[in-house]
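Examining the three-dimensional arrangement
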Amino acid sequence: MRERIWAPLPLPLLLPLLLLPPPLWGGPPELEPGPLQPFDLLYASGVAAYYSGDFELAVRDLEAALRSHRRVGPGAELPFFRAVLERARCYRSCETQRLGGPASRHRASEDVRSDFQRRVPYNYLQRAYIKLNQMEKAMEAAHTFFMANPEHMEMQQNIENYRTMASVEALQLVDREARSHLESYSAGVKHYEADDFELAIKYFEQALREYFSEDMECRVLCEGPQRFEEYEYLGYKAGLYEAIADHYMQVLVCQHECVRELATRPGRLSPIENFLPLHYDYLQFAYYRVGEYVKALECAKAYLLLHPDDEDVLVNVDYYESLLDDSLDPASIEAREDLAMFVKRHKLESELIKSAAEGLGFSYTEPVRGKRKLGRVPSGVNVEGAEVHGLSMGKKSSPKIDRDLREGGPLLYENITFVYNSEQLNGTQRVLLDNVLSEEQCRELHSVASGIMLVGDGYRGKTSPHTPNEKFEGATVLKALKFGYEGRVPLKSARLFYDISEKARKIVESYFMLNSTLYFSYTHMVCRTALIGQQDRRNDLSHPIHADNCLLDPEANECWKEPPAYTFRDYRYSQHLLQNQESIFHFLSQASIKPKCGRMISFSSGGENPHGVKAVTKGQRCAVALWFTLDPLYRELERIQADEVIAILDQEQQGKHELNINPKDEL
């Protein structure tokens, strides 16, 4: 019998595992027709089996978790009060019969739900299937994960490796979580761009049917348990009608947001702009091209329900009306009923939410709808002579920076070696330098790091904020000086941390030829240590691909400057202290930097420089990480305090110096 070696599990998975009923430890029971097992417990069991090396059980439980997650679903709307009570009773009864299972009742933690939303179970599945030599299923799982995590470099490489291992040049990759309305919409766009308007119409109409069906399901799912985030639970003492109103408004807002949910691709941050109206914009022109002018007019008028001032579509409406038979009254042809009903309900919801926000004292901002233009048919011109512009599907230009881009200024200090500039690093506003620190300074900083660092510093004490396979430790410059002043670490070493960071600020400000002062936004010395026993099957990053001052959205080819990103940060600096070939700083534009003592990488913080750190699978990676801002309002408070400490220390040192050179002191 094979011995099982258990690796530590992430806490969100360990807790539900303790609740797992005995039958699941030997593998999950058949899901049909018995009670539905909770997906969070199945997920925990599958991950535990994965780490123990039992890949058959891992596949069985993870697949069962995914099936269970899909089956947790909707009910139907009923009238108020008496029907509400009846519905609650029915809901409880149906939940018991259909879902069954132990006490979790499928109300999993946010961490577990987040894993399913990000398709993390497929990450484990693809590795497990490889161990079982099931190449096709491994590729399906890898592709499904990658579709929601397009920035995951390792998964992209895994897919290519699987192709090579399977000796298959072109294999149809399957997204097991594909949303039908998005797939149909993409197919419609593809045929539209190819001028195959008959097929484009087929797929756009199919996409609309699927969209409205999924919208109904999304709205029903909003009727589950709500979270009262603006209230302290123990202090919440609402009356009957206030409690009902609070809950109902959360349900209504959730249902209202289904429009955004259905327009957002898996793993993306932002929805496809103007998604639902675009269906009708495509259709109005496609129907025109196949000679169905009534349907073209219905779709054009439907589009105008949401964008009544769109000049291009207004021109199209006039033109389509001119093409109708004389027996038809253009005024009798109305906007498509499916969208008309949808828009009517959406507007009523908006008014109700706005009214409730004023009366009940909560905040809600209606998302602003943008427009993406397709084409128009100039009045009186046949199609051969018409100026028709298709929707551009090309990538947008690189993100812009709101300042002059310059580089190549003086490095200010002797012995610093210039290595690469932006062009050589395949990007914008980047520089790589060596010998910024000496070997002795690296050793001294690493030594002081071991005496001042706290686990999870800067991340609310989270031991592993970026990956469960590494321990994260950090310390600020103020803490270093405090420990030095108290004698817990050498004051000279603590002062070195401060001096090196100031040296870095001057280098960055000079090299990028900035016209204004660069301020510290955050000063941090960090170490990442590989956890023993968790490295054999790793396929994640030490720090995922990200930008420092905006949220990456690969689908829209945008980086959104909005919280929780640190939107005020302008430049980043990283100074390596240890040579560790296992950890590589990586730009998304195929530029990798191997760390070594004294090596410095600096770059601007926006979407032009997405970056990450490859996994630390052995030993430790330590670095001085600095972020800078051009806005003095966002200066680091601890840095200002550190400046004051340094001023006091300098005054004390000056006083001692003067004391030593005064001849009268010897009298």
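First, a word on scope: everything that follows refers to the structure included in this document. Everything numeric in this text was worked out from a predicted model, so none of it was measured. (Residues numbered from 1 in each chain as written. Predicted model: local features only at pLDDT ≥ 70, side-chain atom pairs only at ≥ 80, totals over all residues. Heavy atoms only, no water.)

**Topic: unusual backbone geometry**
Its identity is not glycine, yet Arg119 carries a phi of approximately 65°, on the positive side. Its place among the elements puts Arg119 in the loop between helix H6 (110–117) and helix H7 (120–131). Residue class for Arg119 comes out buried when judged on its relative accessible area of 5%. (Helix = DSSP H or I, 4+ residues; strand = E, 2+ residues; numbered from the N terminus. Buried < 20%, exposed > 50% of the residue type's maximum accessible area, 1.4 Å probe, protein only.)

**Focus: helix H4 (residues 55–71)**
The first and last C-alpha atoms of H4 sit 24 Å apart over 17 residues, in line with the 24 Å expected at 1.5 Å per residue. Taken as a whole, H4 has its buried residues at Phe55, Leu57, Ala58, Val59, Asp61, Leu62, Glu63, Ala64, Ala65, Leu66 and Ser68. (Expected span 1.5 Å × (residues − 1).)

**Looking at the nonpolar core**
Most often, soluble globular proteins keep nonpolar side chains buried together rather than apart. Formed by 46 residues in total, the largest nonpolar core has its most connected members in Leu433, Leu445, Met525, Tyr573 and Phe628. Residue assignment for this core shows that the elements contributing at least two residues are strand E2 (430–434), helix H18 (439–452), helix H19 (477–485), helix H20 (491–511), strand E5 (519–530), strand E9 (571–576), strand E14 (620–629) and helix H21 (637–661). In terms of residues, this core owes the most to one element, H20, which gives 9 residues. The contacts of Leu445, once residues within four sequence positions are left out, are Leu437, Ser493, Leu496, Phe497, Ile500, Met525 and Leu577. (Core = buried A, V, L, I, M, F, W, Y, C linked by side-chain atoms within 4.5 Å. Contact = heavy atoms within 4.5 Å.)

**Side note on the side chain of Arg219**
Relative to the assigned elements, Arg219 resides in helix H11 (residues 197–221). When neighbours within four sequence positions are excluded, Arg219 is seen to be in contact with Gln255, Cys258, Arg345 and Glu349.

**With respect to the packing of aromatic side chains**
Taken as a whole and judged by the stated rule, the model has 29 aromatic pairs. Taken together, a centroid distance of 5.1 Å and an interplanar angle of 70° make the contact between Tyr50 and Tyr124 edge-to-face. Linking Tyr50 in helix H3 (residues 39–52) with Tyr124 in helix H7, this pair joins segments that are 74 residues apart in sequence. Each member of the pair, Tyr50 together with Tyr124, is buried. Between the aromatic rings of Tyr51 and Tyr124, the centroid separation amounts to 6.1 Å while the plane-to-plane angle is 70°, which identifies the pairing as edge-to-face. With Tyr51 in helix H3 and Tyr124 in helix H7, this pair connects stretches of sequence that are 73 residues apart. When the ring centre of Tyr566 is taken as origin, the NZ or CZ atom of Arg569, which lies over that ring, is 3.9 Å away. (Phe/Tyr/Trp six-rings, centres within 6.5 Å; stacked < 30°, edge-to-face > 60°. Lys NZ or Arg CZ within 6 Å of the ring centre and 35° of its normal.)

**Remarks on the pattern of salt bridges**
Any two side chains of opposite charge can pair, given that their charged atoms come close. Tallied over the full model, the rule gives 24 salt bridges. In this structure, the salt-bridge partner of Glu261 is Arg179, at a minimum N-O distance of 3.6 Å. One end of the pair, Glu261, is in helix H13 (residues 258–262); the other, Arg179, is in the loop between helix H9 (153–166) and helix H10 (180–193), and 82 residues separate them in sequence. The exposure class of Arg179 is buried, given its relative accessible area of 18%. Through salt bridges with shared partners, a single ionic network connects Glu502, Arg505, Glu509, Arg639 and Asp643. (Salt bridge = Lys/Arg side-chain N within 4 Å of Asp/Glu carboxyl O.)

**Side note on the state of the cysteines**
Inspection of the entire model under this criterion finds 5 disulfides. Between the sulfur atoms of Cys222 and its disulfide mate Cys254 the distance is 2.0 Å. In this structure the cystine formed by Cys222 and Cys254 twists about its S-S bond by roughly -70°; its chirality is therefore left-handed. Of the two residues, Cys222 sits in the loop between H11 and helix H12 (240–256) while Cys254 sits in helix H12, which places them 32 residues apart along the sequence. Covalently, Cys550 is tied to Cys559 through a disulfide, its sulfur atoms 2.0 Å apart. (Disulfide = S-S within 2.5 Å.)

**Notes on the sheet that holds strand E3 (residues 454–455)**
The strand order across the open sheet formed by 8 strands is E1-E2-E12-E9-E14-E5-E4-E3, and the pairing between neighbours is antiparallel. Since the sheet does not close on itself, it has two edges, and those belong to strand E1 (417–420) and E3, each with one partner. Packed onto the sheet, H18 meets E3, strand E4 (470–476), E5, E9 and E14 and runs at close to 80° relative to E5. Packing against the sheet, H20 makes contact with E1, E2, E4, E5, E9, strand E12 (600–604) and E14, and its axis sits at approximately 120° to E5. (Pairing = 2+ DSSP bridges. Axes fitted to C-alpha atoms, helices over the stretch in contact; angles between N-to-C directions.)

**A look at the packing of H7 against helix H8 (residues 135–148)**
Across the interface, H7 lies against H8 with an axial gap of 8 Å and an inter-helix angle of 160°. Considered as vectors, H7 and H8 are oriented roughly antiparallel to each other. In this structure, H7 crosses over H8, and the sense of that crossing is left-handed. Two secondary-structure elements touch here, H7 through Val120, Tyr122, Asn123, Leu125, Gln126, Tyr129 and Ile130 and H8 through Met135, Lys137, Ala138, Ala141, Ala142, Thr144 and Phe145. A per-class count over the contact of H7 with H8 returns 10 nonpolar, 3 polar and 1 charged. (Parallel < 35°, antiparallel > 145°, perpendicular 65-115°, else oblique. Left-handed = near helix turned anticlockwise from the far one by under 90°. Nonpolar A, V, L, I, M, F, W, Y, C, P; charged D, E, K, R; others polar.)

Interpretation note: all reported values are geometric properties and have no functional meaning in isolation.
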